[in-house]
Amino acid sequence: MENQIEFSTIWESLRISNDFLFGKVMQDAELCKELLQRILPDLEIDHIEYPELQKAIKPDVDAKSVRLDVYVKDGKGSVYDIEMQVADTKELPKRSRYYQSMIDLQLIDAGQSYKKLNRSYVIFICPFDVFGKGRHIYTFENICKEDYTVSLGDGALKIFLNADGEQDDVSGELRAFLDYVAGKKSEDSFIMKLEEAVEEAKKNRKWRHEYMTLLMRDQENIEKGIEKGIEKGIEKGILGMVSTLKDLEIPDATIVQKIQEKFKFSREEAERYVQ
């Protein structure tokens, strides 16, 4: 019951920067389209479609699977993956590379021409600066190292947004959104619509239950990980002790007794480490 109350409090305190809530809010096509238009003002996006909600990609049993927060395409066939990323895992550039490759696998079938590969955008929205240069936006595409005027033309772009930026390098509209991600209030009409959508999402009992379930599963996994870590730590300590006592030519029987006394093991459990 205590956990249930705690999880409920967490749900009520969620903001747009939570990836689960962000994915739900972005199911509103108009909101998602407006956000993309703010991030990519040079594009004319007439409408967007949802091939799948929170698209999961798992190419084969041995490959690492991915679950995309928001995966949409526009009327021209361009595809967009938008990820809300709160934790700085120090691996986002390489994760963007992996996500890009997984998306490409979904865009063409065996035997099709590579020309069928659509233009694609992998976008990470972060409350921190991945590259430490104070920019609000970092856009990457493949260009020639020897001649920056030559683009590879593979149609793949990666964008990292930083809500903690300092430079005057984005439009006021995009800045308002990034400030909102950072927890700042705004009178911007789009931001007010987003805030309304966030509050409506929190009233959705199905989504609330889904989030609670995920949270409980994550907590269980963390607890299991801690238990395994403790077990491994104890085992490593015992093996180290046994090695030291053996080097001192202490009899096995005495070592077993020491393990029993120190770790409250049965004789059978202690003998396991001495054999």
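Computed from a predicted structure; not experimentally measured.

Participant: Looking at this structure, I do not really get the overall build of the protein chain. What am I missing?
Facilitator: A count of helices and strands for the protein chain gives 9 helices and 8 strands. Residue pairs in contact within the protein chain that sit at least 24 positions apart in sequence constitute 60% of those at least 6 positions apart. Per element, the accessible surface of the protein chain, about 17100 Å² overall, is 50% carbon and sulfur.

Participant: Can you walk me through the packing of helix H5 (residues 172-181) against helix H6 (residues 189-202) in this structure?
Facilitator: Any two packed helices are characterised by how steeply their axes cross, that is the angle between the axes, and by the distance between the axes. As a packed pair, H5 and H6 sit with axes 10 Å apart at the nearest point and diverge in direction by 35 degrees. Considering how the two elements wind past one another, H5 and H6 form a crossing that is right-handed. Along the contact surface, H5 presents Ala176, Phe177 and Tyr180, while H6 presents Phe190, Ile191, Leu194, Glu195 and Val198.

Participant: Can you help me understand the sheet that holds strand S5 (residues 79-84) in this one?
Facilitator: Two orientations exist for strands paired in a sheet by backbone hydrogen bonds: parallel and antiparallel. The mixed open sheet is built from 6 strands, whose spatial order is S1-S4-S5-S6-S8-S7. Of all the strands in the sheet, just strand S1 (48-49) and strand S7 (137-140) have a single pairing partner and so form its edges. In the sheet, strand S4 (residues 70-74) pairs with S5 via 4 bridges, with the strands oriented antiparallel. Looking across to S5, one finds that Lys73 is bridged to Val79. Contacts from helix H4 (residues 92-107) reach S4, S5, strand S6 (120-126) and strand S8 (156-162) within the one sheet, and its direction differs from that of S6 by about 145 degrees.

Participant: Can you help me understand the packing of aromatic side chains in this one?
Facilitator: In this description, an aromatic ring pair is defined by two values, namely the gap between the centres and the angle between the planes. For the structure shown, the criterion picks out 10 aromatic pairs. Geometrically, the ring pair formed by Tyr80 and Tyr121 is stacked, given 5.0 Å between the ring centres and 10 degrees between the ring planes. In this pair, Tyr80 is assigned in strand S5 and Tyr121 in strand S6, connecting sequence segments 41 residues apart. On the basis of relative accessibility, which here comes to 3%, the residue Tyr121 falls in the buried class. The interplanar angle of 85 degrees and the centroid separation of 5.2 Å between the aromatic rings of Phe131 and Phe160 together place this pair among those described as edge-to-face. With Phe131 in the loop between S6 and S7 and Phe160 in strand S8, the pair connects residues that are 29 residues apart, well separated along the chain. By way of ring pairs, the aromatic residues Tyr99, Phe124, Phe131, Tyr138, Phe140 and Phe160 are connected into one cluster.

Participant: Would you take a moment to explain the environment of Arg175 for this structure?
Facilitator: Secondary-structure assignment places Arg175 in helix H5. Classification of Arg175 by relative accessible area gives partly exposed; the value is 31%. For the pair Arg175 and Arg38, spaced 137 residues apart in sequence, the C-alpha separation works out to 9.2 Å. Apart from the residues within four sequence positions on either side, Arg175 is in contact with His136, Gln167 and Val170.

Participant: Please explain H6 as it appears in this structure.
Facilitator: The periodicity of an α-helix, 3.6 residues per turn, causes residues three or four places apart in sequence to face the same way. Between its terminal C-alpha atoms H6 stretches 20 Å, which fits the 20 Å expected from 14 residues at 1.5 Å a residue. Two or three places before Phe190, at the opening of H6, Asp188 has a side-chain oxygen 2.9 Å from that residue's backbone nitrogen.

Participant: Any chance you could explain the nonpolar core here in plain terms?
Facilitator: The biggest cluster of nonpolar side chains holds 46 residues, and the ones touching the most others in it are Ile125 and Phe177. In this view, Ile125 contacts Phe22, Leu35, Ile82, Glu83, Met84, Gln85, Leu161, Phe177 and Val181; residues no more than four positions away in its chain are not counted.

Participant: Which parts of the structure should I look at to understand the side chain of Ser78?
Facilitator: With respect to the helices and strands, Ser78 occurs in the loop between S4 and S5. Not counting residues up to four positions away in its chain, the partners in contact with Ser78 are Val72, Lys73, Asn118, Arg119 and Tyr121.

Participant: I keep staring at the pattern of salt bridges and nothing clicks. Help me out?
Facilitator: A side chain with one charge may pair with a side chain of the opposite charge, provided their charged atoms come close. All told, the structure shown has 11 salt bridges when counted by the stated rule. Arg38 is the salt-bridge partner of Glu34, the closest N and O atoms lying 2.9 Å from each other. Of this pair, Glu34 and Arg38 both sit in helix H3 (residues 29-39), 4 residues apart, which is roughly one turn of the helix. On the basis of relative accessibility, which here comes to 30%, the residue Glu34 falls in the partly exposed class. For Arg38, a relative accessible area of 8% gives the class buried. Between Glu91 and Arg95 there is a salt bridge whose closest N-O contact spans 3.6 Å. With relative accessibility at 41%, the residue Glu91 sits in the partly exposed group. Overall, Arg95 belongs to the buried group, its relative accessible area being 18%. Salt bridges sharing partners connect three or more residues here, namely Glu34, Arg38 and Asp188.

Here is what the cut-offs are and how they apply
- Residues numbered from 1 in each chain as written.
- Predicted model: local features only at pLDDT ≥ 70, side-chain atom pairs only at ≥ 80, totals over all residues.
- Heavy atoms only, no water.
- Helix = DSSP H or I, 4+ residues; strand = E, 2+ residues; numbered from the N terminus.
- Contact = heavy atoms within 4.5 Å.
- Areas by Shrake-Rupley, 256 points an atom, 1.4 Å probe, with all protein chains shown as cover.
- Axes fitted to C-alpha atoms, helices over the stretch in contact; angles between N-to-C directions.
- Left-handed = near helix turned anticlockwise from the far one by under 90°.
- Pairing = 2+ DSSP bridges.
- Phe/Tyr/Trp six-rings, centres within 6.5 Å; stacked < 30°, edge-to-face > 60°.
- Buried < 20%, exposed > 50% of the residue type's maximum accessible area, 1.4 Å probe, protein only.
- Expected span 1.5 Å × (residues − 1).
- Polar contact = N/O pair within 3.5 Å; in protein donor to acceptor, adjacent residues only side chain to side chain.
- Core = buried A, V, L, I, M, F, W, Y, C linked by side-chain atoms within 4.5 Å.
- Salt bridge = Lys/Arg side-chain N within 4 Å of Asp/Glu carboxyl O.

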